[in-house]
2 protein chains.
Amino acid sequence: VRITDLETPFVAIERRRVLNNIDRMQAAAAAAGRTLRPHAKTHKSPLIARWQITRGAIGVCCAKLGEAEVFAEAGVADIRLPYPLQPSNAGRLTALMDKARVSFIVDHPAVARGWSDAMVRAGRSVEVLVKVDVGFHRCGVDAEDPGAVEFIRSVAESPGLKLAGLLSHAGHSYGAASEEALAQTACDEASTLLGLADRCRTAGVEIPEISVGTTPNARFSVRHRGVTEMRPGAYVYGDRTQVGLGAAALDDCALTVIATVVSRPAPDRVILDCGSKTLSSDAARGFRAAPGYGAIFRDLEATDLDSSLTIERLSEEHATVRATGPCSLRPGERVRVLPNHCCVVSNLVDEVHLVDGLEVLQAMPVAARGRIT
Amino acid sequence: VRITDLETPFVAIERRRVLNNIDRMQAAAAAAGRTLRPHAKTHKSPLIARWQITRGAIGVCCAKLGEAEVFAEAGVADIRLPYPLQPSNAGRLTALMDKARVSFIVDHPAVARGWSDAMVRAGRSVEVLVKVDVGFHRCGVDAEDPGAVEFIRSVAESPGLKLAGLLSHAGHSYGAASEEALAQTACDEASTLLGLADRCRTAGVEIPEISVGTTPNARFSVRHRGVTEMRPGAYVYGDRTQVGLGAAALDDCALTVIATVVSRPAPDRVILDCGSKTLSSDAARGFRAAPGYGAIFRDLEATDLDSSLTIERLSEEHATVRATGPCSLRPGERVRVLPNHCCVVSNLVDEVHLVDGLEVLQAMPVAARGRIT
């Protein structure tokens, strides 16, 4: 089967690029003396998780229990949820613990207490990491808060909880305005975590692991000693945002959407059959990112983007493309679109297709798609 | 089962509001002497389609053949695809025509020719409407183009094609800056279509139907005579954008997301478990729309939005909420979120739950979710 044989739009995953991306990040983690625990939200696929683990990853991360259940069922033995699970999930969590080693994050005293109570009642003990806010200002304890060490100590001393360490996600690295600013997020992240870990250790609280996330600053993060684990996700596929942040080359990007021209209503307007139901409405981020809802390769064999074509607008099932130069695209012709954000594209489709150039190797279910609970 | 019994996040659909919305739009269409053919992309559910048809709708619209196949399989007898299907889909189209009356749009000479050839080869004849651009500048022929009437005539005279009429989608109504501007989109739409239809009729080309779409300008569109059909979709659920455009009252909105507070990392910050995988990244539109990725009802019984809570940012599984006033929300508490765009929320989840207030009536599969081809 060739990629011209499939109905469009569909999501193509270039197998060799995925394997290269896995090998490259694994080598970077190994060189830095860290374990690699990729976030599986990018691919949501047990097959890709197996590739990652076979090549050296210690396990995977999942955001929600529903995702973790899919990977545990598929045989992944070590799953971390960098998500503030609630004690009301205790039943599902303990069932998951029967299938895999599981850990998750806590960042709130009442929630930690609730988990301790729930685990004691269940006669179980679960590994938790304390989430530290390193500048993204989403979840996490403020490392500067005078009560931070006491909170971490209380977690370490709570029956039913085993403190595995500290964990961060430098999500603000996506907003970095320059290469230097991006490097700085990795520096700040490491110093925040290591400083807090030092204060904990001085206070007699053992901090076995220090775990950092995000693809964008991974290349800078590996310079910092003392971090024990990294959890990038998007590196496995790459996308326009990662290219815009210098975290992937265009030739590293493994996930593209194959689309068909369905209308040419004006010389400067091309309508494609991939809308926000395929590409999502996520904007491109990164200090080098250009506008638009995806970037276009003019034909299926093109290796460079066509900068004269901009996806100005998405409807659910249409992309409205502005052509700033002469454009000969006709209805029925196919183009390749590099999405802004690969993770959300995976989540929109029930299956993707592994390809080798123009050849389709196999359909691959996005097995953990849509697991929002 | 109560809505407090389900794991969050989940999508709740208030049954009575759906029925009221259906009845109100049906009455408006009937009063204007138009048929109502709701766009099913909003709900993607055969059950809701049945409610619409039982209450007077002539059939439904679908965007893609994959959606139409689901509704035809479920017994919907008349399906229109206001989408520029390509002749390469001829096999699926003729199979669909064996199950339901089907029509779709054309806006390009080569595509119309391709369809004519394909239908002649198949020994079939299919109804098509010519898509007219009424200002959205997505698909559609330019009504002012001197060749427009000739194109429409050529479609009418093509073997294998039956010209059912003209069709438009005033998608630019979503960008209207005022009530007056919104009303003007309906006025312009009707005059563009009717003017072109007149010129066609003068040229001897019969134009049986004149079909308009979109929920936002529907209340103004019904004033214009000569239009025969309307195809709103979002009216059935309503959302923050429709409220922002005056097309729905807050109390009409039937689709909400029930979410749980999972962290309270700072007094002015609340983290919810519904991210872009549930709410999508779609912005709110409408001249009355406030910023944010959704609006919040402070608890499950609240009937008014809490304007002190703004969803500033979405990650895939988190909503980061800014509280501008005192906020007592604690981890584990539930809130209700009114999304910016109901159609894309339906597409993100495998099922929604029909509710009556706090009582869950039934789970309802989003049967046509993710049908992008």
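In what follows, the structure referred to is the one given above.
The structure displayed is predicted, hence computed values, not measured ones.

Attention now goes to the overall build of chain A. Each helix and strand counted, chain A has 11 helices and 18 strands in total. With the C-alpha coordinates aligned to their principal axes, the bounding extent of chain A is approximately 70 × 40 × 35 Å. Relative to its full complement of 373 residues, chain A shows a buried share of 62%. For chain A, the accessible surface area stands at approximately 13,100 Å², while carbon and sulfur atoms represent 49% of it. Averaging the positions of the 43 positive and the 44 negative side-chain charges in chain A gives two centres separated by 1 Å.

The subject of this paragraph is the relation of the copies chain B and chain A. Of the two same-sequence chains, chain B is brought onto chain A (RMSD 0.0 Å, axial shift 0.0 Å) by a rotation of 180°. Such a combination of turn and shift is consistent with a two-fold rotation axis. Among all residues of chain B, the one whose C-alpha sits closest to the rotation axis is B:S281, at a distance of 2.8 Å. Here 100% of the interface residues in chain B have copies in chain A that are interface residues too; the copies meet face to matching face.

In this section: the environment of A:A266. Residue and element names in this part refer to chain A. The topology assignment puts A266 in strand β11 (residues 255-266). Its relative accessible area of 15% is what places A266 among the buried residues. Distance from A266 to L279, taken between C-alpha atoms, is 23 Å for residues 13 residues apart in sequence.

The next thing to look at is the pairing of strand β15 (residues 319-323) of chain B. All names here are of chain B. With four of five residues buried, β15 is to be regarded as a mostly interior element. By the bridge criterion, five bridges tie strand β14 (residues 309-314) to β15 in an arrangement that is antiparallel. Paired with T310 across the bridge in β15 is R322. Count of turn residues in the β14/β15 antiparallel hairpin: four residues.

Moving on to unusual backbone geometry. All names here are of chain A. Note the cis peptide between T8 and P9, where omega equals -5°. Structurally, the position occupied by P9 is in the segment before β1 (10-14). For S280, which is not glycine, the phi torsion reads 70° and is therefore positive. In this structure, S280 sits in the loop between α10 (276-279) and β13 (295-297). S280 sits in the buried class, given a relative accessible area of 7%.

Helical geometry: 3.6 residues make up each α-helical turn, so side chains three or four residues apart lie on a common side. Most of helix α3 (residues 65-73) of chain B sits out of view: seven of its nine residues are buried. Listing the buried residues of α3(B) in full gives B:L65, B:G66, B:E67, B:A68, B:V70, B:F71 and B:A72. Residues of α3(B) that are buried make contact with α10 of chain A together with α2 (46-54), β4 (78-81) and α4 (90-97) of chain B.

This part covers the packing of aromatic side chains. Both the distance between ring centres and the angle between the ring planes are used here to describe each pair of aromatic rings. Residues and elements named next belong to chain A. One pass over the structure, following the stated rule, counts two aromatic pairs over all chains. The interplanar angle of 50° and the centroid separation of 4.6 Å between the aromatic rings of F104 and W115 together place this pair among those described as tilted. Of this pair, F104 sits in strand β5 (residues 101-106) while W115 is found in helix α5 (residues 109-122), placing the two residues 11 residues apart along the sequence. Given the relative accessible area of 0%, F104 is considered buried.

For the rest of this paragraph, the subject is helix α2 (residues 46-54) of chain A. If you check which residues of α2(A) are buried, you get A:P46, A:I48, A:A49, A:W51 and A:Q52. Phi for A:G56, located one or two positions after α2(A), is positive at around 125°.

Tallying the contact residues gives 56 residues for chain B and 56 residues for chain A. Summing both sides of the interface, chain B and chain A together bury roughly 4,500 Å²; the carbon and sulfur share of this comes to 47%. One can count 12 salt bridges joining chain B with chain A. If you list the elements that add at least two residues to the side of chain B that touches chain A, you get β11 (255-266), β12 (269-272), α10 (276-279) and α11 (342-348) of chain B. Ranked by the residues each element gives to the side of chain B that touches chain A, the list is headed by β11(B), at five residues. Across the side of chain B that touches chain A, the residue classes tally to 18 nonpolar, 18 polar and 20 charged.

Turning our attention to the side chain of A:Q86. With respect to the secondary-structure elements, A:Q86 resides in the loop between β4 (78-81) and α4 (90-97). Of the polar contacts made by the side chain of A:Q86, one reaches the backbone oxygen of A:P84; its length is 3.0 Å. Residue contacts for A:Q86: discarding those within four places in its chain leaves A:V111, A:W115, B:V261, B:V262, B:P331 and B:G332.

All chains considered together, the criterion is met by 59 salt bridges over all chains. Ionic pairing is found between A:E7 and B:R92, a salt bridge with its closest N-O pair at 2.7 Å. Residue A:E7 is located in the segment before β1, and its partner B:R92 is located in helix α4; the two belong to separate chains. For B:R92, a relative accessible area of 18% gives the class buried.

Here the focus is empty space enclosed by the protein. Across all of its chains, the model carries four cavities of 30 Å³ or more by this definition. The space that makes up the largest cavity amounts to roughly 170 Å³. Taken together, 16 residues make up the lining of the largest cavity; nearest its centre are A:S276, A:S280, A:L348, B:S280 and B:L348. Only α10 and α11 (342-348) of chain A together with α10 and α11 of chain B provide two or more residues apiece to the lining of the largest cavity. A:K131, A:V132, A:D133, A:V134, A:F136, A:R138, A:C139 and A:H169 together form the lining of the second largest cavity. For the lining of the second largest cavity, a count of residues per class yields four nonpolar, one polar and three charged.

If a strand is regular, its side chains alternate between the two faces of the sheet. Residue and element names in this part refer to chain A. For strand β16 (residues 334-338), the tally of buried residues reaches five of five residues, placing the bulk of the element in the interior. Across the two faces of β16 the burial is the same, with R334, R336 and L338 and V335 and V337 all buried. Summarising the sheet, β11 and β16 pair through four bridges and their orientation is antiparallel. Paired with A259 across the bridge in β16 is V335. By the bridge criterion, three bridges tie β13 to β16 in an arrangement that is antiparallel. Bridge assignment links I296 to a residue of β16, and that residue is V337.

Basis of the calculations
- Position labels on residues start from 1 in each chain and follow its written sequence.
- Here the convention is simple: chains get letters from A, ligands get numbers from 1, in the order in which they are written.
- Local features in this predicted model are restricted to residues whose pLDDT is 70 or higher, and side-chain atom pairs enter the listing and the counts only when it is 80 or higher, whereas totals over whole chains, interfaces and linings include all residues.
- Just so you know, side-chain values use all the structure's heavy atoms and leave hydrogens and water out.
- We count a stretch as a helix when DSSP gives it H or I for four or more residues in a row; a strand needs E for two or more, and each element gets its number in order from the N terminus.
- Exposure is judged per residue with a 1.4 Å probe applied to protein chains only, and the accessible area is read against the type maximum: over 50% gives exposed, under 20% gives buried, and values in between give partly exposed.
- Only the protein chains shown count as covering a residue, and every accessible area follows the Shrake-Rupley method with a 1.4 Å probe.
- None of His or the chain ends enter the tally, which takes Lys and Arg as positive and Asp and Glu as negative.
- All charge positions are set by atom: Lys at NZ, Arg at CZ, Asp at CG, Glu at CD.
- A least-squares superposition brings the copies together, and it is based on the C-alpha atoms of residues with pLDDT no lower than 70 in both.
- Contacts between residues were defined by any pair of non-hydrogen atoms, one from each residue, lying within 4.5 Å.
- Here the rule is simple: two strands pair whenever DSSP picks up at least two bridges between them.
- Stacked, tilted and edge-to-face are the three classes assigned to paired rings of Phe, Tyr and Trp, where Trp is represented by its six-membered ring and a pair needs centres within 6.5 Å; plane angles under 30 degrees give stacked, over 60 edge-to-face, the rest tilted.
- Two parts placed together each lose some accessible area; with a 1.4 Å probe, that loss summed over both constitutes the buried area.
- We define a salt bridge as a contact between a side-chain nitrogen of Lys or Arg and a carboxyl oxygen of Asp or Glu at a distance within 4 Å.
- When residues are sorted by character, Ala, Val, Leu, Ile, Met, Phe, Trp, Tyr, Cys and Pro go into the nonpolar class, Asp, Glu, Lys and Arg into the charged class, and all the rest, Gly among them, into the polar class.
- Pairs of N or O atoms are called polar contacts if they sit within 3.5 Å, as long as, within protein, a hydrogen donor faces a hydrogen acceptor (for residues adjacent in sequence, only side-chain-to-side-chain pairs).
- Detection works on a 1 Å grid of protein atoms alone, calling trapped sets that fit a 1.4 Å probe cavities and calling open sets with protein on both sides within 12 Å along at least five of seven lines pockets, with lining residues defined by an atom within 4 Å of a point.
- Grid points are joined across faces, edges and corners, and a volume is the space filled by probe spheres set on the points.

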